[in-house]
Amino acid sequence: QVQLVESGGGLVQAGGSLRLSCAASGSSFTKYAMGWFRQAPGKERAFVAAISWSSRRIYYTDSVKGRFTISRDNAKNTVLLQMNSLKPEDTAVYYCAADTNYEFVSSHAYEYDYWGQGTQVTVSS
């Protein structure tokens, strides 16, 4: 079992930056691949980025490539999502998730075993 808690969301103007953090507890964090997903009002949950346990495998959805960076610090049991050049269409609740298949990065929500409660990101135009 692992518990995930996201933080760092908020309101920002278009073009601004936010850094989301996901803190893990309750298990050996280092043996999970981690992903970020987001869900906008009226839409399905969508993949944003994922990183393997070793950080050797990283995967982004096309719409955030070059703007978002995912990273992890296994010693601190955290995974980060640095979001730059934010756009109004990035507005959503952002969730982190853990996948026990720790060296495989997936864009499919059903592959992930544990989820956080989400943090709101709002980008104003």
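So, here's what we can say about the structure.

Parameters at a glance
- Residues numbered from 1 in each chain as written.
- Predicted model: local features only at pLDDT ≥ 70, side-chain atom pairs only at ≥ 80, totals over all residues.
- Heavy atoms only, no water.
- Pairing = 2+ DSSP bridges.
- Helix = DSSP H or I, 4+ residues; strand = E, 2+ residues; numbered from the N terminus.
- Axes fitted to C-alpha atoms, helices over the stretch in contact; angles between N-to-C directions.
- Disulfide = S-S within 2.5 Å.
- Buried < 20%, exposed > 50% of the residue type's maximum accessible area, 1.4 Å probe, protein only.
- Phe/Tyr/Trp six-rings, centres within 6.5 Å; stacked < 30°, edge-to-face > 60°.

This part covers the sheet that holds strand 7 (residues 68-73). As summarised here, the arrangement of the four strands in space is 1-3-8-7, forming an open sheet in which the pairing is antiparallel. Two strands lie at the open edges of the sheet, namely strand 1 (3-7) and strand 7, each paired on one side alone. On average, each strand axis in the sheet is tilted by 15 degrees relative to the strand beside it, whichever way the strands run. Pairing analysis gives six bridges linking strand 7 to strand 8 (residues 78-83), with the strands arranged antiparallel. Along strand 8, the bridge assignment pairs Asp73 with Thr78.

This part covers the state of the cysteines. The tally for this structure, following the rule as stated, stands at one disulfide. One disulfide bridge connects Cys22 with Cys96, the sulfur atoms lying 2.0 Å from each other. Given an S-S torsion of about 50 degrees, the disulfide between Cys22 and Cys96 has right-handed geometry. Within this pair, whereas Cys22 is found in strand 3 (residues 18-25), its partner Cys96 is found in strand 9 (residues 92-99), the two being separated by 74 residues in sequence. Neither residue differs from the other here; Cys22 and Cys96 are each classed as buried.

Turning our eyes to something else, we now look at the packing of aromatic side chains. Taken as a whole and assessed by the stated rule, the structure comprises seven aromatic pairs. Note on Tyr32 and Tyr114: the rings are 5.9 Å apart at their centroids and 80 degrees apart in plane angle, and the pair reads as edge-to-face. Within this pair, whereas Tyr32 is found in the loop between strand 3 and strand 4 (33-39), its partner Tyr114 is found in strand 10 (residues 114-115), the two being separated by 82 residues in sequence. Overall, the relative accessible area of 6% leaves Tyr32 in the buried class.

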